[in-house]
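# Topology and contacts: notes
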Amino acid sequence: MRVGYYSPLPPERSGIADYSALLLPELERRVEIVLARHGRTKPQRDTDLAVYHVGNDPVAHGWIVEALRRRPGVVVLHEFVLHHLVAGLTVGRRDAAGYLDAMERDSGVVGRMLAHGVLDNRLPPLWETRPEDFPLAGEILDLAREHGLIVHSRHVEERARAAGFDGRIWRIAHPAWRPPAVAPAGIEGEPLVGCLGHLNPSKRIPQLLEAFVRLRERFPAARLLLVGSTAARFDLDGWLARFDLTGDPALVREPYVEETRLWSLMQACDVCVSLRAPTMGETSGSVIRALSLGRPLVVSDIGWFAELPDDVAVKVPVGEGEVDALVDALARLARGGESSAAKEYVERAHDVGRVAEQFAAAFEEAAGGEAVRDAVLSDVARAASEVGIPADSPELTEVGRRLREAGVGE
Amino acid sequence: MRIAVCAPQVPFVRGGAEIFADDLVGELRAREHEAELVTMPFKWYPGTRVLTQAFLWRLLDLDEADGRAIDLVIATKFPSYAVRHRNKVVWLLHQFRQAYDLDRTELGQFGESADDRATRRAVHRLDKVALGEARKVFATSRNVADRLERGLGLAAEVMPHPPQSLDYRCEAYGDFILSVNRLDRAKRIDLLLEALAGNPALRCVVVGEGPDRARLEQLAAGHGLDGRAEFTGRVDDDALARLYARCLAVYYAPVDEDFGMVPYEAFLSEKPVVTTSDAGGPLEVVTDRRTGLVCEPAPAALAAACAHLVEHRDDAREWGRSGKRLAEQVSWDATIDRLLS
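Residues numbered from 1 in each chain as written. Chains lettered and ligands numbered in written order. Predicted model: local features only at pLDDT ≥ 70, side-chain atom pairs only at ≥ 80, totals over all residues.

## Focus on the sheet that holds strand E5 (residues 149-151) of chain A
Residues and elements named next belong to chain A.
- Read from one edge to the other, the open sheet built from six strands follows the order E2-E1-E3-E4-E5-E6, with strand pairing classed as parallel. In this open sheet, the two strands that pair with only one neighbour each are strand E2 (32-35) and strand E6 (169-171). Neighbour to neighbour, the strand axes of the sheet diverge by 25° on average, direction disregarded.
- One ladder, built from two bridges, connects strand E4 (residues 74-77) with E5; its direction is parallel. Pairing of Val 75 across the sheet is with Leu 149, part of E5.
- The strands touched by helix H15 (residues 352-386) are strand E1 (2-6), strand E3 (49-54), E4, E5 and E6; relative to E3, the strand with the most contacts, the crossing angle is about 130°. (Pairing = 2+ DSSP bridges. Helix = DSSP H or I, 4+ residues; strand = E, 2+ residues; numbered from the N terminus. Axes fitted to C-alpha atoms, helices over the stretch in contact; angles between N-to-C directions. Contact = placed C-beta atoms within 7 Å.)

## Here's the deal with the sheet that holds strand E7 (residues 136-139) of chain B
Residue and element names in this part refer to chain B.
- Within the open sheet, the six strands sit side by side as E2-E1-E5-E6-E7-E8. Their pairing is parallel. Only two strands of the sheet have a single partner each, and these edge strands are strand E2 (34-41) and strand E8 (157-158).
- With two bridges connecting them, E7 and E8 associate as parallel partners. Bridge pairing links Phe 138 to Glu 157 in E8.
- In this fold helix H1 (residues 16-30) packs onto strand E1 (2-9), E2 and strand E5 (72-75), with an angle of close to 160° to the strand it touches most, E2.

## What to know about the domain arrangement of chain A
Residues and elements named next belong to chain A.
- The domain architecture assigned to chain A consists of domain 1 (2-171) and domain 2 (192-349).
- A separation of 28 Å is found between the C-alpha centroids of domain 1 and domain 2.
- Listed by partner, the interface residues are 16 residues for domain 1 and ten residues for domain 2.
- Residue assignment for the side of domain 1 that touches domain 2 shows that the elements contributing at least two residues are helix H1 (15-28) and helix H7 (154-162).
- Ranked by residues supplied to the side of domain 1 that touches domain 2, first place goes to H7 with four residues.
- Considered class by class, the residues forming the side of domain 1 that touches domain 2 number four nonpolar, six polar and six charged. (Domains from an automatic or database assignment. Nonpolar A, V, L, I, M, F, W, Y, C, P; charged D, E, K, R; others polar.)

## With respect to the packing of H15 of chain A against helix H2 (residues 49-59) of chain B
- Running from amino to carboxyl end, H15 of chain A crosses H2 of chain B at an angle of 55°, the nearest separation of the two axes being 9 Å. Here H15 of chain A is positioned oblique relative to H2 of chain B, judged by the angle of their axes. As for how H15 of chain A packs across H2 of chain B, the hand of that crossing is right-handed. Across the interface between the two elements, Val 376, Asp 379 and Val 380 of chain A from H15 of chain A touch Leu 51, Thr 52 and Phe 55 of chain B from H2 of chain B.
- Split by residue class, the contact of H15 of chain A with H2 of chain B holds four nonpolar, one polar and one charged. (Parallel < 35°, antiparallel > 145°, perpendicular 65-115°, else oblique. Left-handed = near helix turned anticlockwise from the far one by under 90°.)

## Side note on the environment of Asn 181 of chain B
Residues and elements named next belong to chain B.
- Summarising the element assignment, Asn 181 is placed in the loop between strand E9 (177-180) and helix H5 (189-198).
- Distance from Asn 181 to Gly 210, taken between C-alpha atoms, is 8.9 Å for residues 29 residues apart in sequence.
- Not counting residues within four places of it along the chain, the set of residues in contact with Asn 181 comprises Lys 187, Ile 189, Gly 208 and Val 262.

## A look at the interface of chain B and chain A
- With 22 residues of chain B at the contact, the number on the chain A side is 21 residues.
- At the level of elements, H2 and helix H3 (114-132) of chain B are the ones that each hand at least two residues to the side of chain B that touches chain A.
- Ranked by residues supplied to the side of chain B that touches chain A, first place goes to H3 of chain B with twelve residues.
- Counted by class, the side of chain B that touches chain A contains ten nonpolar, five polar and seven charged residues.

Below you can see the structure in the form of structure tokens.
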């Protein structure tokens, strides 16, 4: 069986490119993969199925959506909120009508009116201010309906269902990297609290800074490590100044770092923090890495993060009581040491071989499942009709129920 | 209790699984239970036939029979465990291995077409439902339990089944190696014949029938084993017990076998078992130089192992007796207690 595979890949800098780079070697042991060249949207010949990785970045995923439109297939939906992607594919290409239609499809006439407001510069861009309220996933869900959807969390599965998606959904965990043998970076702190990954407003950096300042009252030698590029419209320096952390040696700042350095920095942390709100339905490679290393971890009690087992991450609420809970969590974990539960959980649930096997199962079911169901149903129906049992009889209804129950018919 | 023992039947084929199901029914009856064997023919090819045939079990109504409730269903191997019952226990001999560990091997069934791959996955789904809903799942060996865990993530308790009832005894450590098995490629009788070809001092008796018989006989002839490799076909219980009683050792080395009754039957006859390091289930009871010999799956290594026993009959006797002590620990009383608990 040959599967056309559409995804960003290294050297592109994207979490999904890293994800595919991790998954592909294991996947190729199970299924014949035909990689689509970046930007090539023409359907591949001689493949049984096409698989499209869809995320929110129009640069990384625009061409993949175009290919999906030309040949529907299985969609791996990495996040549910796709407003930024859709805006890039419409407004970003001077297709105002396309954006109006997408907003109307998502939120009716009100959505269309809001889109007009954005296009007329009377409202700030919704993809920056309120994307979570207008996810704009409708077209992608439609295109995935025939072959199915792969998601990483119950959160996204439920949102897809709530949006009316009635196709097949496979929920498959994010695979985990095997931690490289690197020494912890030489950064001291008692404790050293780390926040690693692209820094943007949804990472709750202001709340983290406030909590850190309060933590230092109880742990004077505490340090905070912020690692990653900063989003264009996020004023990190302003926030550091507001909490009087500008130039403070307790605040260690590193920009985007290469993979080996990232692991080394994470190894040095006593606690890792990965807050998120609002969530776009995404998973976090940073969280998976931290768990692989057995780092004590604090996350927001939201979306995929809330689905992590309680014994591998402390979950803090978003909004009221958030900073208090965060301070308590950091203080509690400061002396906790390595989490064997986290390592065991990752080995069990996020093992890349297991994930690849689940992907292969999904691909095989998507490509041939319907033909198999038809063959079985036709066998049963023929036997029934030969002895005079009509298709709409209670007997055959019961047979259909048993087939579904046994996973043989849908 | 009223107990239905469920087992599929491949018409005109009888082997260990059929003996096992009959024995289970007999042992349950001997303990005052009302037990019945429920069976259905099974054909697993071509294409999706494996699914439609498996599904037949799902349509059975075994809640009651003749107006009286059936208290317990004990299902044995694929696809009989697809049966529905409020009190279903599975004593798993094996799953449909072509969909699991034999896939993409020369013993596999499913090709690389999208339909074949999807059929294989449908077998997995059916297994997951059918085994997942059972009140308890026992596996006849660690090997079978591990395969279940690897394939579907389901846990099973290991419970070997006692061997068939025969007049087990030891009369001599004779001059032949005995093979008791269905003659198909997976049982690897050809390895034994090739070992004999490499050592003119060895003899064997091959008991059993199967689709590979003609090829094996040709192989024996091709190696010039006339007189040293005897094919008996299927034999009756008395003849089988006599062969066990008089052989030097028993060869049993299928590829990654589930478990198989043969090692225990050999042990009860105080005979060591010669097997290979990739034989799977037999390795749970055949320990090298304690209850037999474990060699590499290569003709020369097997020939050397058999030759050792020819030259060291004391070892054969000692290891056979150790095996007997092991086999005597597996009793129907204990296994039936666990099944019904």
